[in-house]
Amino acid sequence: MARRARRDDDEISVAELLKETGATARPLTGGSLPPRAPLPDGLSPEEHVDRIEQRAREAAAAQQRAGARIRWASAICGLVAVVGSIIVIAVTTSSPGREASPPQVPLLPATTPKPATSTPPPPSPTPIPTVMVGRQTAPSGSASAPPSSSSAAAPPATCSVRFTVQNQWDDGFTAAVAITNKGAKTLSPWTLSWTFAGGQQVTHGWDGDYDQRGGRVTVDAADWNTTLAPGATVTTGFNGSIRGGNPAPGAFTLNGAACDAG
């Protein structure tokens with residue numbers, strides 16, 4: 001006979017259980033339950049149960065306190081780690097030489113202003129010192145008057161000009177001009193003029209304001225040498241260009257009065 005399948009929630013009797021498992025029922029001694037073992041300390045079952053529950057509660061409370069200590073220790077360790085990280089970052093950021101900004105380099109001006117008075121650059125050719133003596137010549141076509149014993153002698157010049165070529169090369173030269181006041185009056189300001197006969201051109205001057213129109217050159221006093229006292233000498237100079245020869249200039253005048261050249 002096939003065994004009927006039994007569900008988990010079907011009720012089964014002790015006989016059916018013994019039959020299925022093949023176990024043998026063992027009769028109870030005297031037909032009653034075995035004697036209960038005595039409880040410790042003479043406690044009743046209810047007191048014994050209460051004591052067990054109390055110990056369980058005490059054990060649970062101890063575990064809770066231990067867990068709370070662990071959580072507090074973990075929180076403190078985490079806080080210490082965060083504070084330590086912040087301190088390390090702050091020290092690293094503020095330490096010198098880590099992220100130092102590059103030094104500010106002052107910018108130089110695009111151009112350097114040229115001083116009012118400068119020393120001309122030394123030319124490469126060998127200097128040829130030359131002293132030129134200006135001569136005043138009468139205009140061509142005019143007849144010279146014969147000397148007359150009755151005519152009065154010409155008054156002496158009240159100034160003298162010494163024109164010196166200090167350096168000369170293929171297409172240029174450097175010259176110095178010394179002006180001496182031989183009169184009895186102080187000249188302030190003063191203006192010197194002369195004429196170039198060989199096509200020379202003034203390219204740069206110092207210790208005076210130079211202007212040239214054709215062959216005629218005019219030099220006005222600078223701010224620092226405006227006054228020329230009697231017997232005093234003032235010196236100015238310039239660089240010039242030449243085309244071929246470099247003849248001596250002539251017709252020097254100081255404030256309109258003719259000067260001796262020498």
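As the structure is a prediction and not an experimental result, all values here were calculated from the model.

1. Quick notes on the environment of Trp 190
Line of reasoning, step 1. Its place among the elements puts Trp 190 in the loop between strand 3 (172–181) and strand 4 (191–195).
Line of reasoning, step 2. The class of Trp 190 is buried, set by a relative accessible area of 1%.
Line of reasoning, step 3. Remark: the alpha-carbon pair of Trp 190 and Leu 228, spanning 38 residues in sequence, is separated by 7.3 Å.
Line of reasoning, step 4. Setting aside anything within four residues of it in sequence, one finds Trp 190 in contact with Ile 179, Val 219, Asp 220, Ala 221, Asn 225, Thr 226, Leu 228, Val 234, Leu 254 and Asn 255.

2. Things to note about a negative patch on the surface
Line of reasoning, step 1. Together, Glu 46, Glu 47, Asp 50 and Glu 53 make up a negatively charged patch on the protein surface.
Line of reasoning, step 2. Tracing the backbone shows Asp 50 in helix 2 (residues 45–94).
Line of reasoning, step 3. Judged by relative accessible area, Asp 50 falls into the partly exposed class, the value being 45%.

3. Looking at the environment of Gly 215
Line of reasoning, step 1. Here Gly 215 is to be found in the loop between strand 6 (209–213) and strand 7 (216–220).
Line of reasoning, step 2. Contact partners of Gly 215, with chain neighbours within four places excluded, come to Trp 194, Thr 195 and Phe 196.

4. Considering unusual backbone geometry
Line of reasoning, step 1. Here the amide bond leading from Ser 188 into Pro 189 is cis, since omega sits at 0°, within 30 degrees of zero.
Line of reasoning, step 2. In this structure, Asp 207 is a non-glycine residue whose phi angle is positive, near 55°.
Line of reasoning, step 3. The residue Asp 207 is located in the loop between strand 5 (201–206) and strand 6 in this model.
Line of reasoning, step 4. On the basis of relative accessible area, Asp 207 is assigned to the partly exposed category, the value being 21%.
Line of reasoning, step 5. A positive phi angle is found at Ala 251, which is not glycine, with a value near 60°.
Line of reasoning, step 6. With respect to the helices, strands and loops of the structure, Ala 251 is situated in strand 9 (residues 250–254).
Line of reasoning, step 7. On the accessibility criterion, Ala 251 (31% relative accessible area) is partly exposed.

5. Overview of the nonpolar core
Line of reasoning, step 1. Core analysis: the biggest nonpolar cluster contains 24 residues, and Phe 163, Trp 190, Leu 192, Trp 194, Phe 238 and Leu 254 have the highest contact counts within it.
Line of reasoning, step 2. Secondary-structure elements contributing two or more residues to this core are strand 2 (159–169), strand 3, strand 4, strand 7, strand 8 (233–241) and strand 9.
Line of reasoning, step 3. Sequence-distant contacts of Trp 194, defined by excluding residues within four places in its chain, comprise Phe 163, Val 177, Tyr 210, Gly 215, Arg 216, Val 217, Val 219, Phe 238, Pro 249, Gly 250, Ala 251 and Phe 252.

Conventions adopted
- Residues numbered from 1 in each chain as written.
- Predicted model: local features only at pLDDT ≥ 70, side-chain atom pairs only at ≥ 80, totals over all residues.
- Heavy atoms only, no water.
- Helix = DSSP H or I, 4+ residues; strand = E, 2+ residues; numbered from the N terminus.
- Buried < 20%, exposed > 50% of the residue type's maximum accessible area, 1.4 Å probe, protein only.
- Contact = heavy atoms within 4.5 Å.
- Patch = residues over 30% accessible without salt bridge, like charges linked within 9 Å, V, L, I, M, F, W, Y side chains within 5 Å.
- Areas by Shrake-Rupley, 256 points an atom, 1.4 Å probe, with all protein chains shown as cover.
- Salt bridge = Lys/Arg side-chain N within 4 Å of Asp/Glu carboxyl O.
- Lys, Arg positive; Asp, Glu negative; His and termini not counted.
- Charge placed at Lys NZ, Arg CZ, Asp CG, Glu CD.
- Core = buried A, V, L, I, M, F, W, Y, C linked by side-chain atoms within 4.5 Å.

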